[in-house]
Amino acid sequence: MGKKGNVFSEKESKHPVQKDYAKNIEFLKKELGYGKSFDMIHLDLQYAGRNMGIFVVDGFAKDKILHFLMKLLSGLDEEQLEPNPIDKLMKTYLPYIELKKEKDLDMATWWVMSGACCLVVEGADEVIIIDARTYPVRNPNEPDLERVVRGPHDGFVETIIFNTALTRRRIRDNSLRMEYLRVGKRSKSDICLSYIDDIADPRMVKHLRESLKKISTDGLAMGEKTIDEFLTGRSWNPYLTVRYTERPDTAAVHLFEGHVLVMVDGSPSVIITPMTFWGNLQYPEEYRERPVVGGYIRFARYFAVLMSIFLLPLWFLFASHPELLGDNMSFIGVKKPGEVPLFIQVLLIEIGIDILRMATIHTPKEMAGALGLIAAIIIGQTAVQVGLFTNEVILYLALAAIGTFATPSYELGLANRLSRLGLFIVTAIFGVPGFVIGTLCLILMLVRMKSFDVPYMWPILPFSPRSASDVVVRKAMPLKNRRPVMLHTEDPDRR
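Residues numbered from 1 in each chain as written. Predicted model: local features only at pLDDT ≥ 70, side-chain atom pairs only at ≥ 80, totals over all residues. Heavy atoms only, no water.

## Observations concerning the packing of helix α10 (residues 291–320) against helix α13 (residues 391–405)
Consideration 1: Orientation of α10 relative to α13, taken along the N-to-C sense of each, is 155°, at an axis distance of 6 Å. Overall, the two elements α10 and α13 adopt an arrangement that is roughly antiparallel. For the pair α10 and α13, the crossing hand works out as left-handed. In this structure, α10 contributes A304, V305, M307, S308, L311, L312 and W315 to the contact, and α13 contributes E392, V393, Y396, L397, L399, A400, G403 and T404.
Consideration 2: For the contact of α10 with α13, the residue count by class is 11 nonpolar, three polar and one charged. (Axes fitted to C-alpha atoms, helices over the stretch in contact; angles between N-to-C directions. Helix = DSSP H or I, 4+ residues; strand = E, 2+ residues; numbered from the N terminus. Parallel < 35°, antiparallel > 145°, perpendicular 65-115°, else oblique. Left-handed = near helix turned anticlockwise from the far one by under 90°. Contact = heavy atoms within 4.5 Å. Nonpolar A, V, L, I, M, F, W, Y, C, P; charged D, E, K, R; others polar.)

## A few points about the sheet that holds strand β6 (residues 176–183)
Consideration 1: One open sheet accounts for five strands, arranged β6-β7-β9-β10-β8; its pairing is antiparallel. Two strands in the sheet have a free side with no partner beyond their single neighbour: β6 and β8 (243–245). Mean inter-strand twist for the sheet, computed between neighbouring axes without regard to direction, equals 25°.
Consideration 2: In the sheet, β8 pairs with strand β10 (residues 270–273) via three bridges, with the strands oriented antiparallel. Of the residues in β10, the one forming a bridge with T245 is V270. (Pairing = 2+ DSSP bridges.)

## Notes on the pattern of salt bridges
Once their charged atoms are close, side chains differing in charge can pair, the charge on each being opposite to the other.
Consideration 1: With the rule as written, the count across this model stands at 20 salt bridges.
Consideration 2: Close ionic contact of R203 with D201 constitutes a salt bridge, the shortest N to O distance being 3.4 Å.
Consideration 3: Judged by its relative accessible area of 58%, R203 falls in the exposed class.
Consideration 4: Judged by its relative accessible area of 9%, D201 is buried. (Salt bridge = Lys/Arg side-chain N within 4 Å of Asp/Glu carboxyl O. Buried < 20%, exposed > 50% of the residue type's maximum accessible area, 1.4 Å probe, protein only.)

## Considerations on the nonpolar core
Consideration 1: In terms of nonpolar packing, the biggest core is built from 24 residues, with L89, L94, L119, V121, I128 and I130 touching the most fellow members.
Consideration 2: Elements with a minimum of two residues in this core: β1 (40–47), β2 (50–57), α2 (63–74), α3 (85–93), β4 (117–121) and β5 (127–130).
Consideration 3: Ranked by the residues each element gives to this core, the list is headed by α2, at four residues.
Consideration 4: Residues within four places of I130 in sequence aside, it is in contact with L69, Y96, E98, L99, A116, C117 and L119. (Core = buried A, V, L, I, M, F, W, Y, C linked by side-chain atoms within 4.5 Å.)

## Concerning empty space enclosed by the protein
Consideration 1: The tally for this structure, following the rule as stated, stands at one cavity of 30 Å³ or more.
Consideration 2: What the largest cavity holds in volume is close to 30 Å³.
Consideration 3: Along the walls of the largest cavity sit I54, L66, L69, M70, L73, L119 and I130, which together make up its complete lining.
Consideration 4: Looking at the lining of the largest cavity element by element, the count peaks at four residues for α2. (1 Å grid on protein atoms, 1.4 Å probe; cavity = no way out; pocket = protein on both sides within 12 Å on 5 of 7 lines; lining within 4 Å. Points joined across faces, edges and corners; volume = space filled by probe spheres on them.)

Such coordinate-based values are descriptive only and should not be taken to indicate function.
Next comes the structure, spelled out in structure tokens:
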């Protein structure tokens, strides 16, 4: 708690704590909405011959701790708080770790709204902040989107303190920094900038710190996603230049490499910066197996990603222009065209897959299996029988969808899906030139992208032999003795 107090600038307070106890209480009641909000609690107390008031939000305070402290205060005599009641209470009579003096009533209001308790003492020009807060929190279960067969099965939660603790559990380095920031004029959300001081590029840390401080909004409605859009922009580009993770071990690995993490209170997802296209394709499962097995898994994943982008447009090109196929490859085309044009069939199934995905999310788990069965058997089979869809369209769209779901990053999978749809449309309209030009435009867009001045397609474009080999082949850990050069780390040697 002491570190949190250091992030606020020493500006002259607009509403300093006064020695007039009644005015302090009146100000806090008004600012905190006491009497208008049922969950705002004010305790009017008298200990050691002095009036005292406690402000706390119901549901945030640890009742046992407050009861214990109030019991100790009730046993004090008047002379025991002389001559300085605040110092006496903090140093002698309040046996609690997270205590802080506050001279600004505005900051005291913020602390209460954040979940801490504010103790106002008559005759003192300071108040005491007792950080006895507790938040409703779920267990750190394994995230659904990042499951592994081997390895830890814990995940980040919605409380920032728990997330920093899960990270420190894996990195017991005294250079690990957890900088506290506050974003949002109304939400005043807690933000943590995490990095290893003697590894991470100080220019990157400074840039992120200043960018976070410049964010001007009333609140972080969507948590880390709002932060991402303020940091990276790119409103019309589907590809993310950061990575989200809910796994503490993944976060720790990237910290050791020299990345900088952004944690947002209220969100279980941590932002990893900077991030490349190939970095989004890395997955912990590859490093939980032998290098040969991990390398095979990586190649299979790369093939699935390429299939999710190019398979459908390429098949449609051959199906629409059978003259491009030789006699030996004629089976790729459509044997029995349906009553609906291929272009419309593909669009309908693409949209149908997204609708099914959304329906599955909004369906209770107990019914999700039944929903999938209905979509696969009843709708799919019937659509083929009535001639609405052809078997080939369903086959190749299913393969493309499997490639999308095999992509480790959910956001990258969605971006690849949009790229596939765009490439399919230009191929359907312009044929071979459309496919070639569309593919070229996609590659040029990815090559021109940057993630905080790091080329998005690094180390393939621009080419870096040592780093490119690590992208293509899953190296054994003893051979990974250098950090990524594109991060410009302070300590490039991992040994």
